Amino acid sequence: MVRTRFAPSPTGFLHIGGARTALFSWAFARRHGGRFILRIEDTDLDRSTAESTQAILQGMDWLGLNYDEGPFYQTQRLARYQEVAEDLLRKGLAYHCYASKEELEAMREAQRERGEKPRYDGRWRDSRQTPPPGIKPVLRFKTPLDGNVVFDDLVKGSISVSNAELDDLVIMRADGTPTYNFGVVVDDRDMDITHVIRGDDHVNNTPRQINLLRALGAPLPQYAHVPMILGADGERLSKRHGAVSVMQYREDGYLPEALLNYLARLGWSHGDEEIFSLEQFVEWFDLGHISRSPAKFNPEKLSWVNQQYLKVANDARLREWVRPFLLADGCDPEQGPSLDRVTALLKGRVSTLEELADAAVYFYRDIVPGEALREPYYGAAIRPAVADLLGQLREVAWNAPAINDALKAVAKRHGLKLPQLAMPIRVMATGETHTPSIDAVLELLGRETALARLERELGKFPAAHS
Ligand code: GLU
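Here's a quick rundown of the structure.

Cut-offs applied
Residues numbered from 1 in each chain as written. Predicted model: local features only at pLDDT ≥ 70, side-chain atom pairs only at ≥ 80, totals over all residues. Heavy atoms only, no water. Helix = DSSP H or I, 4+ residues; strand = E, 2+ residues; numbered from the N terminus. Rg over C-alpha atoms; globule rule 2.2 N^0.38 Å. Buried < 20%, exposed > 50% of the residue type's maximum accessible area, 1.4 Å probe, protein only. Contact = heavy atoms within 4.5 Å. Pairing = 2+ DSSP bridges. Axes fitted to C-alpha atoms, helices over the stretch in contact; angles between N-to-C directions. Parallel < 35°, antiparallel > 145°, perpendicular 65-115°, else oblique. Nonpolar A, V, L, I, M, F, W, Y, C, P; charged D, E, K, R; others polar. Phe/Tyr/Trp six-rings, centres within 6.5 Å; stacked < 30°, edge-to-face > 60°.

Once that is clear, we can look at the overall build of the protein. Along its length, the protein carries 19 helices and twelve strands. In terms of overall size, the protein is more extended than a compact globule, its C-alpha atoms giving a radius of gyration of 32 Å where 466 residues would be expected to give roughly 23 Å. C-alpha atoms of the protein, sized along the principal axes, occupy 110 × 45 × 40 Å. Here the protein, with 466 residues, has 50% of them falling under the buried criterion. A separation of at least 24 residues holds for 76% of the contacts in the protein among residues at least 6 apart in sequence.

Here is the structure:
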């Protein structure tokens, strides 16, 4: 059975790159009817925080990347790493190293001076020296001295690294916590991981992990190293390129399914397909179509994808999504037209929920157009037509077609083109120059609110010169 995992280190929020790795691991497990495991790699005590763990769990939850097992926390498995480490020690596959920081630094400095690559020189590997008193040793793994590690990466193809390139890595720190490479190996083995799908910043760790797995007599998982995500300028993705935290996208009004759809296309493709459901993605997803070159993050495209999802989103669902954004804009969604109808009217015009809420403000809060906005539209010559229209609007049936008829008739009577009348009305009723069709807007505002605003604003028109 296929078993994949997502194994973030809780040293920050769930970022775009992590979310994509999680999505690919999740989709691969789902595709093959396997299991997806969440593991929090929190043994770097200096850098891991509970807030980051929470942020990661929240991000996974918001995206709907449900896991079948976990979350497992490495800090709760310390006894297990200790046990496996002792086993390696007993079998002569690992050894204590007492070299101090200063000593190691001096060793590396000398290597650099000789033009060599800095690496641990194995000074405690077969040492019979008496350990210096008072020093807590680290545990190092005896990397095989010769031979190559060869593996078939499912994205990158065959990779071969000579053991001579690898030094004896620390597997247990002096404080009894495992290093990253050791924790991963023990866990991948204990959790029966069959496919390790992760960022290719870990490809250099893989030969070390394979050596360790072999030393443990464990079967090797298959590896798929996914190229990095870069900003449009080709630099490593960072804040400069837009939000990097997944939860920031939630705050900015993106839909989780849109973000997932976008992430799915970031370094993976299925023909020219751009918009597809998560179910469809699971059906199509294969590691063979992951691109070998880095993907570029494009916020405009993400925004476009989000727009496609908003356009077809179910109104009842949209109502729930947009409500908190309206509240944040100081609007009470209960005081005004039905939110379903408002979202239905606006959803085709915006890219995010936040924009949708911003565009809906005038339905839920009184607006007063500023002088700069009034000036170009509130012409003395238009005033009689507006007054005429107000009279009509008191009488007509309150629906968009009837309102539209009244607008047209009044414009005609006063020798105006429709926009010459509709624009001032739009500004008077909404405080905006861009809105959906004004008849539909007025209908939703309701006769009472619409007339109250129009009457008040009519008072702001300059008096006609006699
Ligand atoms: N904890 C590692 C990280 O966050 C990932 C480990 C792995 O996937 O093997 O970069």
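Burial along strand β5 (residues 138-141) is two-sided: V138 and R140 and L139 and F141, pointing in opposite directions, are all buried. Here strand β4 (residues 94-97) pairs with β5 via four bridges, running antiparallel. Looking at β5, one finds that H96 is bridged to L139. Where β5 and strand β8 (residues 170-172) come together, two bridges link them in antiparallel fashion. If you follow R140 over to β8, its bridge partner there is V170.

Between two packed helices, what matters for the description is the angle formed by their axes and the separation of those axes. Contact pair helix α11 (residues 315-328) / helix α13 (residues 353-364): the axes reach a minimum separation of 9 Å and the direction vectors enclose 75°. The angle between α11 and α13 falls in the class roughly perpendicular. Facing L318, W321, V322, F325 and L326 of α11, the residues of α13 in contact are L353, E354, L356, A357, A360 and Y364. In terms of residue class, the contact of α11 with α13 is made up of ten nonpolar, no polar and one charged.

In this structure, F6 sits in strand β1 (residues 3-6). Spatially, the C-alpha atom of F6 lies 15 Å from that of D190, the residues being 184 residues apart in sequence. In this structure, F6 is in contact with L14, G18, T21, A22, F36, I37, L38, R39 and M60, ignoring residues within four places of it in sequence.

Take the packing of aromatic side chains next. Pairs of aromatic rings are described using the distance from one ring centre to the other and the angle between the two planes. All told, the structure shown has 14 aromatic pairs when counted by the stated rule. Measuring from centroid to centroid gives 4.7 Å for Y362 and F363, while their planes differ by 45°, and the two rings are tilted. As far as the burial class goes, Y362 and F363 line up, both buried. Taken together, the ring pairs connect F24, W268, F276, F281, W284 and F285 into an aromatic cluster.

Another point: the pairing of strand β6 (residues 148-153). Burial along β6 is one-sided: V149, F151 and D153 are buried, and none of N148, V150 and D152, which face the opposite way, are. Relative to strand β7 (residues 157-162), β6 runs antiparallel, the two sharing six bridges. In the sheet register, D152 faces β7, and the bridge partner there is S158. The turn linking β6 back onto β7 is made up of three residues.

Of note, A215 is situated in helix α6 (residues 206-215). The spacing of A215 and K142 is 73 residues in sequence and 9.3 Å in space, taken between C-alpha atoms. In this structure, A215 is in contact with L88, L93 and F141, ignoring residues within four places of it in sequence.

Before going further, it helps to spend a moment on the sheet that holds β5. Reading across from one edge, β4-β5-β8 is the order of the three strands in this open sheet, with antiparallel pairing throughout. The open sheet terminates on both sides in strands that have one partner only, identified here as β4 and β8. Going across the sheet, the axis of each strand differs from the next one's by a mean of 45°, ignoring polarity.

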